[in-house]
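Okay, here's what each chain looks like letter by letter:
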Amino acid sequence: MNTPVGIRPDRPVAIGLAGAGPWARTRYAPLFSAGPETRLAAVWSRRPESAQPIADEYGARLAMTFEELVDSCDAVVMCVPPTVQTELAPVAAAAGRALLLEKPLAQSLPEAERLARVIADSGVLTMFALTFRFAANVRRFITSAKGFGTIGGRGCMLTGSQLAGPYAQSAWRLDEGVLLNEGPHIIDLADAALGSIVRVQAHGRGDGWIGLLFEHEGGAVSDVSLSNRVSLDLNQIELQLFGPAGALRLDVVDALGTATFATLRRDFAAVARGTPHPIDIRRALHVQKLLDMVERAL
Ligand SMILES: NC(=O)c1ccc[n+]([C@@H]2O[C@H](COP(=O)([O-])OP(=O)(O)OC[C@H]3O[C@@H](n4cnc5c(N)ncnc54)[C@H](OP(=O)(O)O)[C@@H]3O)[C@@H](O)[C@H]2O)c1
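Since the structure is predicted, the reported quantities are computational estimates derived from the model, not experimental observations.

A. The arrangement of the overall build of the protein chain in detail. Helix and strand counts for the protein chain come out as 10 helices and 12 strands. Computed over C-alpha atoms, the radius of gyration of the protein chain comes to 19 Å, within 12% of the 19 Å expected from 2.2 N^0.38 for 298 residues, which places it in the range of a compact globule. A principal-axis box enclosing the C-alpha atoms of the protein chain has dimensions of 55 × 40 × 35 Å. Once local pairs closer than 6 in sequence are excluded, the contacts in the protein chain between residues at least 24 apart make up 70%. In the protein chain, which carries 29 positive and 31 negative side-chain charges, the distance between the mean positions of the two groups comes to 4 Å.

Below, the structure is given as structure tokens:
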């Protein structure tokens, strides 16, 4: 392991934020600057004029290059499109910085595998931003699911994120569709709760609705629906498990509150100080393999 040096135990972890899009602006900048485990040390974006208002608002340094960002922090939070993440994360890893990686890990499986190899060789620790996994109800659900004896499950992630709102005009999301954007969350949850997905059938389109049939290690089966082009008063993001013991239901629409993100911040600060996390690049690569299986099945 590349042991982090120089992070004093009595000081918050200095975060370098890469990206200044809506998620960086509305979620990560306020989250990591609030502390107490972290402080926002620096922010970088392709165009400095996007990062400047964040730097000004949170008293962080405006980094003019990604390398300057890396030099200005203890740990890097990536908040950029997947192709940019796979290009830049190795630079931070080579400098020994722990990384919070965004979903999807990469645009394709070969790129994800390349990044995973570089990270493994560097020895830096990572955490993967499957945000629902930091919610207390999700953690309880996955623990309960382990011994539940599920024979079948069903789930969905139905949103209107590509119809309106801050992400609707995002070029990589328009290109990649719902599978790479929302897919990682619900596919990860199905895989974690019912057992590793070993076989996939899929139909539909990334710019509409995708229906998935999964077979899980251990014999359970599940069906999962995905769309980010449905107009709903409230997103529907849920997973239900059924078996001889009855039913278990997880509704994650309300999971992304203050407590969940405080857990994410605390967990990432611990990663930066040298504690490995179960939701790391290995989990990210596993999810990317599942996305690739789905893509091939469509
Ligand atoms: N975990 C979750 O629940 C969750 C929720 C929302 C978003 N996210 C993730 O957060 C990340 C950011 O999403 P977002 O919608 O806020 O922003 P985004 O559109 O994915 O990325 C915006 C940022 O990337 C920069 N950028 C775009 N194209 C670039 C390129 N070719 N080269 C270098 N930089 C480039 C932009 O730079 P400039 O504008 O400065 O030029 C901007 O700083 C994504 O990975 C997304 O999947 C995760």
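Additional details are given in the paragraphs that follow.
B. Just the state of the cysteines, in detail. Applying the stated criterion across every chain, the model contains zero disulfides. Between Cys-73, a free cysteine, and Cys-79, which holds the nearest cysteine sulfur, the sulfur-to-sulfur gap is 14 Å. Given a relative accessible area of 5%, Cys-73 falls into the buried group. Look at Cys-79 and you get buried, because its relative accessible area is 13%.

C. Structural view of the side chain of Thr-159. Looking at the element boundaries, Thr-159 is found in the loop between strand S7 (152–158) and helix H7 (171–181). For Thr-159, the side chain forms a polar contact with the main-chain nitrogen of Ser-161, separated by 3.2 Å. Once residues lying within four places of it in the same chain are set aside, the contact partners of Thr-159 are Glu-182, Ser-227, Asn-228, Arg-229, Val-230 and Asn-235.

D. Molecular detail of the pattern of salt bridges. Counted under the stated rule, the structure contains 14 salt bridges. Across the pair Arg-139 and Asp-267 runs a salt bridge whose closest N-O atoms are separated by 2.9 Å. Taken together, the positions of Arg-139 in helix H6 (residues 136–146) and Asp-267 in helix H9 (residues 258–272) put the pair 128 residues apart, joining distant regions of the chain. The shortest N-O distance in the salt bridge between Arg-199 and Glu-215 comes to 2.7 Å. In this pair, Arg-199 is assigned in strand S8 (residues 197–204) and Glu-215 in strand S9 (residues 210–216), connecting sequence segments 16 residues apart.

E. Just the packing of aromatic side chains, in detail. Under the counting rule described, the total for this entry stands at five aromatic pairs. Measuring from ring centre to ring centre gives 5.7 Å for Trp-44 and Phe-66, while their planes differ by 75 degrees; the resulting arrangement is edge-to-face. Here Phe-66 lies in helix H3 (residues 66–71) and Trp-44 lies in strand S2 (residues 38–44), a separation of 22 residues in the sequence. Phe-66 carries the same exposure label as Trp-44, and that label is buried. Through successive ring pairs, a cluster of aromatic residues spans Trp-23, Tyr-28, Phe-32, Phe-261 and Phe-268. Between Arg-27 and the ring centre of Phe-261, over which it is positioned, the NZ or CZ distance is 3.7 Å.

F. Focus on the sheet that holds strand S3 (residues 61–62). One open sheet holds the six strands; their spatial order is S3-S2-S1-S4-S5-S6, and the pairing between them is parallel. Lying at the two open borders of the sheet, with one neighbouring strand each, are S3 and strand S6 (126–128). With six bridges joining them, strand S1 (residues 13–18) and S2 adopt parallel strand pairing. Bridged to Ala-18 within S2 is Trp-44.

What counts, and at which threshold
- Residues numbered from 1 in each chain as written.
- Predicted model: local features only at pLDDT ≥ 70, side-chain atom pairs only at ≥ 80, totals over all residues.
- Heavy atoms only, no water.
- Helix = DSSP H or I, 4+ residues; strand = E, 2+ residues; numbered from the N terminus.
- Rg over C-alpha atoms; globule rule 2.2 N^0.38 Å.
- Contact = heavy atoms within 4.5 Å.
- Lys, Arg positive; Asp, Glu negative; His and termini not counted.
- Charge placed at Lys NZ, Arg CZ, Asp CG, Glu CD.
- Disulfide = S-S within 2.5 Å.
- Buried < 20%, exposed > 50% of the residue type's maximum accessible area, 1.4 Å probe, protein only.
- Polar contact = N/O pair within 3.5 Å; in protein donor to acceptor, adjacent residues only side chain to side chain.
- Salt bridge = Lys/Arg side-chain N within 4 Å of Asp/Glu carboxyl O.
- Phe/Tyr/Trp six-rings, centres within 6.5 Å; stacked < 30°, edge-to-face > 60°.
- Lys NZ or Arg CZ within 6 Å of the ring centre and 35° of its normal.
- Pairing = 2+ DSSP bridges.

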